[in-house]
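Okay, here's what each chain looks like letter by letter:
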Amino acid sequence: MQSVATNLTQLCFDSSTLRQLVIGSRNWITPAPELETLFFPQPAWLVDAIHERILPLKGIKPRTNQTLGELARRTRLGV
């Protein structure tokens, strides 16, 4: 689960010399086993976040939305 400090760091401090990236589980109650891939961090989440927030990776087409805008949206919703 991402903390308030993590969200503030990622959303408020844009540094071109030091990009911060945190991938964690969603802010939900741990779901049933069949929904774990939607809750726990997946390898694709990390690749997509690197591609969208740090360095565009050649040949990568994001499968999930890991932009700071999406992080802000989920934070507002409490998830």
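Refer to the structure above for everything that follows.
Residues numbered from 1 in each chain as written. Predicted model: local features only at pLDDT ≥ 70, side-chain atom pairs only at ≥ 80, totals over all residues. Heavy atoms only, no water.

A. Structural view of helix H4 (residues 68–77). Of the residues making up H4, those classed as buried are Glu 70, Leu 71 and Arg 74. Relative to the axis of H4, the buried residues are bounded by an arc of 105 degrees and lie together on one face. With its phi angle positive at about 85 degrees, Gly 78 sits one or two positions after the end of H4. (Buried < 20%, exposed > 50% of the residue type's maximum accessible area, 1.4 Å probe, protein only. Helix = DSSP H or I, 4+ residues; strand = E, 2+ residues; numbered from the N terminus. Arc of directions from axis to C-beta.)

B. Quick look at the pattern of salt bridges. Per the stated rule, a full pass over the model turns up two salt bridges. The shortest N-O distance in the salt bridge between Glu 70 and Arg 73 comes to 2.8 Å. Residue Glu 70 and its partner Arg 73 are both found in helix H4; the two are separated by three residues, about one turn of the helix. For Arg 74, the salt bridge goes to Glu 70, with nearest N and O atoms at 3.7 Å. On the criterion of helical spacing, the pair formed by Arg 74 and Glu 70 is a turn pair, its members being four residues apart in helix H4. Each of Glu 70, Arg 73 and Arg 74 takes part in a single network of salt bridges with overlapping partners. (Salt bridge = Lys/Arg side-chain N within 4 Å of Asp/Glu carboxyl O.)

C. Quick look at the environment of Thr 64. With respect to the helices and strands, Thr 64 occurs in the loop between helix H3 (43–54) and H4. With 20 residues separating them along the chain, Thr 64 and Ala 44 place their C-alpha atoms 7.5 Å apart. For Thr 64, the residues in contact, after removing those within four places along its chain, are Ala 44, Trp 45, Asp 48 and Glu 52. One polar contact links Thr 64 to Asp 48, side chain to side chain, over a distance of 2.7 Å. (Contact = heavy atoms within 4.5 Å. Polar contact = N/O pair within 3.5 Å; in protein donor to acceptor, adjacent residues only side chain to side chain.)

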